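# Structural characterization, general
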Amino acid sequence: MLTLALPKGRLAEETAVLLLSKGWLKTLPSEGSKELTFVSEDKRLRLLFVRSQDVCTYVEEAAADAGIVGWDILREGGFDLISPVDLKLGACRLSLASFPDFDLFAKRSKVRVATKYPNLTREYFFSKGISCEIIKLYGSIELAPIVGLSDCIVDLVSTGGTLKANGLKEFESILYSTARLVCNRSSFYHKHTELRSLIESLEN
């Protein structure tokens with residue numbers, strides 16, 4: 001049996017539908033269920049429902065053989081995982097945003113940046129030759145420049161509606177992200193046949 005870690009929410013639902021269409025599931029997990037695990041009827045697959053930020057940890061620590069995770073989280077964490085398939089689900093982008101009059105190169109001191117992605121943000125600013133002060137937040141990132149906590153933000157953008165509603169403008173996309181299948185290196189060796197079957201079905 002393969003154990004697959006899925007991020008709770010819409011991406012888990014989309015992945016479950018995909019697995020159903022590929023024959024890995026016969027029925028979908030009950031909508032609104034509080035259960036954290038789900039086993040397919042043929043016992044080929046066990047699903048674990050975890051926070052999106054925890055998927056890579058479950059897979060890297062071999063609590064799951066594989067997982068579905070956004071490219072943004074995979075890049076931010078620098079996890080030692082195999083990533084064989086881009087599922088093309090959950091497309092979004094990690095972007096720099098602020099008020100329309102923001103000038104990235106105008107400040108002589110450090111730029112204050114609010115984000116959930118300190119590593120990718122630091123990498124981006126350093127590539128521009130700009131010093132930055134990272135303010136790590138876990139939610140409502142758009143609020144930071146409004147109340148003067150930061151000069152700008154780096155956050156995931158899908159439609160841009162939230163930015164626009166709060167008077168912010170998207171200046172540059174730093175990273176494009178879609179959901180990826182990631183595999184534990186040991187599982188990839190010891191359960192190669194099962195994982196190869198899953199990979200091939202998701203590729204087609």
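Residues numbered from 1 in each chain as written. Predicted model: local features only at pLDDT ≥ 70, side-chain atom pairs only at ≥ 80, totals over all residues. Heavy atoms only, no water.

As named in an unreviewed UniProt entry, the protein is ATP phosphoribosyltransferase, taken from Leptospira noumeaensis. Checking UniProt for the protein, the heading Function (unreviewed entry) contains the comment "Catalyzes the condensation of ATP and 5-phosphoribose 1-diphosphate to form N'-(5'-phosphoribosyl)-ATP (PR-ATP). Has a crucial role in the pathway because the rate of histidine biosynthesis seems to be controlled primarily by regulation of HisG enzymatic activity." Reading the Pathway (unreviewed entry) entry of the UniProt record for the protein gives the comment "Amino-acid biosynthesis; L-histidine biosynthesis; L-histidine from 5-phospho-alpha-D-ribose 1-diphosphate: step 1/9." (UniProt positions renumbered as here; feature names shortened; annotations may be inferred.)

### Brief notes about the sheet that holds strand S9 (residues 152-157)
In spatial order, the strands read S8-S7-S9-S6-S10; together these five strands make up an open sheet with mixed pairing. Each end of this open sheet is capped by a strand with a single partner; those strands are strand S8 (132-136) and strand S10 (169-177). Mean inter-strand twist for the sheet, computed between neighbouring axes without regard to direction, equals 25 degrees. Pairing of strand S7 (residues 111-115) with S9, which is carried by three bridges, proceeds in the parallel orientation. Note that in S9 the partner of Val113 across the bridge is Cys152. Against the sheet, helix H4 (residues 118-127) makes contact with strand S6 (92-98), S7, S8, S9 and S10, and its axis sits at roughly 165 degrees relative to S8, the strand it touches most. (Pairing = 2+ DSSP bridges. Helix = DSSP H or I, 4+ residues; strand = E, 2+ residues; numbered from the N terminus. Axes fitted to C-alpha atoms, helices over the stretch in contact; angles between N-to-C directions. Contact = heavy atoms within 4.5 Å.)

### Notes on the sheet that holds strand S1 (residues 2-7)
Pairing is mixed in the open sheet, where six strands are placed in the order S2-S3-S1-S4-S11-S5. This sheet does not close on itself; its edge strands, each paired only once, are strand S2 (37-39) and strand S5 (82-86). Pairwise comparison of adjacent strand axes, ignoring direction, gives a mean angle of 25 degrees for this sheet. Packing against the sheet, helix H8 (residues 192-203) makes contact with S1, strand S4 (66-70), S5 and strand S11 (179-183), and its axis sits at approximately 30 degrees to S5.

### Observations concerning helix H1 (residues 10-21)
For H1, with 12 residues, the first-to-last C-alpha span of 17 Å sits near the 16 Å given by 1.5 Å per residue. Contacts made by the buried residues of H1 are with S1, strand S3 (45-50), S4, S11 and H8. Looking one or two places after H1, you find Gly23, whose phi comes out positive at around 90 degrees. (Expected span 1.5 Å × (residues − 1).)

### Looking at unusual backbone geometry
Of note in the backbone geometry, Lys43 takes a positive phi value of approximately 65 degrees without being a glycine. Topologically, Lys43 is positioned in the loop between S2 and S3. Given the relative accessible area of 52%, Lys43 is considered exposed. With a phi angle near 60 degrees, Lys88 is a residue other than glycine that sits in the positive phi range. Take Lys88: it is sitting in the loop between S5 and S6. (Buried < 20%, exposed > 50% of the residue type's maximum accessible area, 1.4 Å probe, protein only.)

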